[in-house]
Amino acid sequence: MYALTIRNLTKTYPNGVQALKGIDLVVKAGDFYALLGPNGAGKTTAIGIICSLVNKTAGQVEIFGHSIDDDLATAKSFIGLVPQELNMNLFDSVHNIVLNQAGYYGIARPQALQRAEKYLSELRLWDRRKDVARALSGGMKRRLMIARALIHEPRLLILDEPTAGVDIEIRRSMWKYLKRINEEGTTIILTTHYLEEAESLCRHVAIIDEGSIIEDAPMGEVLRKLQREVFVLSLRDSVTKAPRLDGFETLLRDDGDVEVAIDSRQSLNILFDALNNKDITVLSMRNKANRLEELFMGLVENKQHSPASARPPG
Amino acid sequence: MNLQLNWIALKTLVRKEILRVTRIWVQTIVPPAITMTLYFIIFGNLIGRRIGTMDGYDYMQYIAPGLIMMSVITNSYGNVVSSFFGAKFGRHIEEMLVSPMSNATIIIGHVAGGVMRGLLVGALVSMIALGFTRLEVEHPLITLSMVVLSSTVFALAGLINSIFARKFDDIAIIPTFVLTPLTYLGGVFYSISLLPAFWQKVSLANPILYMVNAFRFGILGTSDISIAYAYLIVVLFVIGLFSVSLALLNRGVGIRE
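Scoring rules and cut-offs
Note that residues are indexed from 1 along each chain, following the sequence as it is written. Whichever chain is written first is A, and whichever ligand is written first is 1; the rest continue in order. Given that this is a predicted model, residues contribute local features only at a pLDDT of at least 70 and side-chain atom pairs are listed and counted only at 80 or more, while totals for whole chains, interfaces and linings are drawn from all residues. Under the scheme used here, helices are H or I runs from DSSP no shorter than 4 residues and strands are E runs no shorter than 2 residues, and both carry numbers assigned from the N terminus. Every C-beta atom is placed from the backbone, and the number of other C-beta atoms within 10 Å of a residue's own sets its class: buried at 20 or more, exposed at 12 or fewer, partly exposed in between. Whether two residues are in contact depends on their C-beta atoms, placed from the backbone: they are in contact if these lie within 7 Å. Paired strands, in this sense, are two strands between which DSSP finds at least two bridges. Side-chain classes follow a simple rule in which Ala, Val, Leu, Ile, Met, Phe, Trp, Tyr, Cys and Pro form the nonpolar group, Asp, Glu, Lys and Arg form the charged group, and the remainder, Gly included, forms the polar group. Domain ranges listed in this record stem from an automatic or a database domain assignment. Structural elements are reduced to axes, namely lines fitted to C-alpha atoms, with helices fitted over the stretch in contact, and the angle between N-to-C directions of any two is expressed from 0 to 180 degrees.

### A closer look at the overall build of chain A
Okay, step 1: Within chain A, the regular secondary structure consists of ten helices and 14 strands.
Okay, step 2: On the principal axes, the C-alpha backbone points of chain A span a range of 70 × 50 × 40 Å.
Okay, step 3: Relative to its full complement of 314 residues, chain A shows a buried share of 38%.
Okay, step 4: Within chain A, residue pairs in contact and separated by at least 24 positions form 67% of the contacts whose partners lie at least 6 positions apart.

This is how it looks when you write it as structure tokens:
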């Protein structure tokens, strides 16, 4: 069973900008799916079409087998959306915002009251239910949008950069919560700029750039494609220049640490053998960049340098 | 269409609209009450005494139904414009657009909110009018049905205005340049029989004339035009404007990119 099926989805805005160039996507029910891409890649447009906030130019979208062209109301009833930008009445109370949303989905008042208490409590907003939304902090507003999106208990939850601008503690508590509802059966599609977020949460990843899907595979498979990884080593004894290690590229950083680039086929043991041979003691070791970030940059750069993507001047 | 879902959604929308009107009562209820009191004092009491009678009624008595209708029309229109455009501007219209409730429910919910505010203000202005003149409702059914239908027409018109509006200036243009002139020229303060023949014919193109006169007929029992014709016009406006609103929302005009 597929939670989402997209076929040849195209969107051209009235100003001529082609935001989506015939994308195909399939998201399995129960999956935790990352949709990544740089700003303006077409992620928000795709989500807008799925949630009927944007009119598509061509193509088909089905939510749990229900087409948005033929059975829009049923398709919509399966989706919960946490948008990128705040879209709530900031002068309304927290309680009213979630209760109204429940009403729009046809949930009777007594049940809506129960669910409002459940989700506002789970997202630590129950004590603030009488406050107007504008009195909440940025992180609380984000959590309120998650509670609002869950109030009708959707089978597919779409989060468009849900942790943008929130501090690390709240971000991590949101991750924990999202993992839990995914384990309970909710399919989740996540767009994010924090690639660490996608790597730690998602089982499948699609990368979109300039309106086209340039990668779509399980997370593990995607990460295996990494050819090269860069580690940062903190050394016990400071060095004035990067040590020469046979078979490895090294670089001395301004902070005194040393960067070592390792081919994905190379063993770390060989690196440590080379370090031992030079009597270099390593105190700690970390990834220079998130692995997914490296892959992402590599894919986007490859696409830009490929002859097919060359654009005519002017 | 899932009727139960839409019925609950409609009740939610109406409840939300009523809460909005009552929460900001200083902006929604008080100003029309003050304005209409001034109209009654200046036009009805001070100037009206010099005018004498109109169609056999005291001038104050003659203009009271028109002033009530004027407040109903402007408040029904203003409520939907500010609520719907405010939702667009604040992007919380997306709460409705992503939900499975039908576009017809969105329209009916907002129009119901506009009608509620129109009737609330109309009732308040009627009470103020009773402090200045005697009003005996000759035809209660006509009075009530015409005020509800007229309120619906202008709530729908307000919705269409807010669908097209892109900035706050756009929601002030129609009330300033269309609604106010049509209301003042719609027989609120005078009988069109006082006008030259040419201007009488021009006045017949003004839909507010039919609403004011039919409402006045319901209260005083006098009208410049045929009541059946007034009903026909108002009902056609309701059907026409509802159809236009529905077509616009279905196409996503002004609300979907």
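This is not the end of the story, as more comes after the structure.
### Here we look at the pairing of strand E12 (residues 249-252) of chain A
Residues and elements named next belong to chain A.
Okay, step 1: Pairing analysis gives four bridges linking E12 to strand E13 (residues 258-263), with the strands arranged antiparallel. If you follow Leu-251 over to E13, its bridge partner there is Glu-259.
Okay, step 2: From the end of E12 to the start of E13, which pair antiparallel, there are five residues, and Gly-256 there has a positive phi angle of about 95 degrees.

### Observations concerning the interface of chain A and chain B
Okay, step 1: In this assembly, 25 residues from chain A lie in contact with 22 residues from chain B.
Okay, step 2: Ranked by residue count, the leading element in the side of chain A that touches chain B is helix H3 (residues 94-104) of chain A, at four residues.
Okay, step 3: Taken together, the residues of the side of chain A that touches chain B break down into 13 nonpolar, ten polar and two charged.

### Regarding unusual backbone geometry
With the exception of glycine, most residues fall at negative phi, and the peptide bonds are largely trans.
All names here are of chain A.
Okay, step 1: In this structure, Glu-161 takes a positive phi of about 50 degrees despite not being glycine.
Okay, step 2: Inspection of the secondary structure assignment puts Glu-161 in the loop between strand E7 (156-160) and helix H6 (168-183).
Okay, step 3: For Asp-279, which is not a glycine, the phi torsion comes out positive at approximately 55 degrees.
Okay, step 4: Under the C-beta neighbour-count criterion, Asp-279 is labelled exposed, with 8 such atoms within 10 Å.

### Quick look at the sheet that holds strand E2 (residues 18-28) of chain A
Residues and elements named next belong to chain A.
Okay, step 1: In spatial order, the strands read E2-E1-E4-E5; together these four strands make up an open sheet with antiparallel pairing. Only two strands of the sheet have a single partner each, and these edge strands are E2 and strand E5 (66-67).
Okay, step 2: Here strand E1 (residues 2-12) pairs with E2 via eight bridges, running antiparallel. Paired with Thr-5 across the strands is Val-26, a residue of E2.

### As for the domain arrangement of chain A
Okay, step 1: Splitting chain A by domain gives domain 1 (2-223) and domain 2 (227-292).
Okay, step 2: Each of domain 1 of chain A and domain 2 of chain A has a C-alpha centre, and these two points are 40 Å apart.

### A few points about the sheet that holds strand E6 (residues 79-82) of chain A
All names here are of chain A.
Okay, step 1: Reading across the sheet, the six strands line up as E6-E7-E8-E3-E9-E10 and stay open at both edges, with mixed pairing between neighbours. At either margin of the open sheet sits one strand with a lone partner, and together these are E6 and strand E10 (212-218). Neighbouring strand axes in the sheet, compared pairwise and without regard to direction, differ in orientation by 15 degrees on average.
Okay, step 2: Bridge count for E6 against E7 is four bridges, and the pairing is parallel. The residue of E7 that forms the bridge with Leu-81 is Ile-158.
Okay, step 3: Along the sheet, helix H1 (residues 43-50) makes contact with strand E3 (32-36), E6, E7, strand E8 (187-191) and strand E9 (204-209), crossing E7 at roughly 145 degrees.
Okay, step 4: Against the sheet, helix H5 (residues 138-150) engages E6 and E7, with an angle of about 170 degrees to E6.

### What about the pairing of E9 of chain A?
Residues and elements named next belong to chain A.
Okay, step 1: Counting buried positions along E9 gives six out of six residues, so the element sits mostly inside the fold.
Okay, step 2: Bridge count between E3 and E9: four bridges; the pairing is parallel. Within the sheet, the bridge partner assigned to Ala-34 lies in E9 and is Val-205.
Okay, step 3: Summarising the sheet, E9 and E10 pair through six bridges and their orientation is antiparallel. Bridge pairing in E10 places Ile-208 opposite Ile-213.
Okay, step 4: The loop that links E9 with its antiparallel partner E10 comprises two residues; one of these, Glu-210, has a positive phi angle of about 50 degrees.

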